[in-house]
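# Remarks on the overall topology
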Amino acid sequence: MARITGSYPDDLDLLIEGAVEAGVFGGKSDALREFVREYFEDHENERIAAAVALYERERITLGDAARLAAVDRWTMRDILREHGVELRFGLADEDDAAYEVAAASELEFSDADSESEGTRSK
């Protein structure tokens, strides 16, 4: 887990302390994590912008970008293209490969797809 050091207004610190003392949160860190989590849940565009920026700077893989943006990989590819970001192809590491295997195993095909496959192989 990453650690962040920062400053914020005294009134906000008092409110967080009060919330902790009232039992709303287990500690200041819990409160801050919840605030950030809720922000990104409520602000889809900002969440997607963050994922695009990280992918563009090669800090994360396509799978990570999709997870952070809360979309599937195919949608994330479209989003990246819309933002003019060049896609990187290939697997970055074992985790990326495992994600691809899991995603492929979840794919469903209709009977028409199966029949097409059978016709092609004949």
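Residues numbered from 1 in each chain as written. Predicted model: local features only at pLDDT ≥ 70, side-chain atom pairs only at ≥ 80, totals over all residues. Heavy atoms only, no water.

### What to know about the packing of aromatic side chains
The relation between two aromatic rings is expressed through the spacing of the ring centres and the mutual angle of the planes. Tallied over the full model, the rule gives two aromatic pairs. With 5.2 Å between their ring centres and 85° between their planes, tyrosine 39 and phenylalanine 40 make a pair best called edge-to-face. What makes phenylalanine 40 partly exposed here is its relative accessible area of 31%. Seen from the ring of tyrosine 55, arginine 88 lies directly overhead, with NZ or CZ sitting 3.9 Å from the centre. (Phe/Tyr/Trp six-rings, centres within 6.5 Å; stacked < 30°, edge-to-face > 60°. Buried < 20%, exposed > 50% of the residue type's maximum accessible area, 1.4 Å probe, protein only. Lys NZ or Arg CZ within 6 Å of the ring centre and 35° of its normal.)

### Quick word on the packing of helix α1 (residues 10–21) against helix α2 (residues 28–42)
In the contact formed by α1 and α2, the axes pass within 9 Å of each other and the chain directions differ by 110°. As summarised for this structure, α1 and α2 are arranged roughly perpendicular, according to the angle between their axes. In the packing of α1 onto α2, the handedness of the crossing is right-handed. Between α1 and α2, the residues in contact are Asp13, Ile16, Glu17 and Val20 and Lys28, Ala31, Leu32 and Phe35, respectively. Across the contact of α1 with α2, the residue classes tally to five nonpolar, no polar and three charged. (Axes fitted to C-alpha atoms, helices over the stretch in contact; angles between N-to-C directions. Helix = DSSP H or I, 4+ residues; strand = E, 2+ residues; numbered from the N terminus. Parallel < 35°, antiparallel > 145°, perpendicular 65-115°, else oblique. Left-handed = near helix turned anticlockwise from the far one by under 90°. Contact = heavy atoms within 4.5 Å. Nonpolar A, V, L, I, M, F, W, Y, C, P; charged D, E, K, R; others polar.)

### As for the environment of valine 52
Mapped onto the elements of the fold, valine 52 is located in helix α3 (residues 44–56). C-alpha of valine 52 to C-alpha of isoleucine 79: the two residues are 27 residues apart in sequence and 8.0 Å apart in space.

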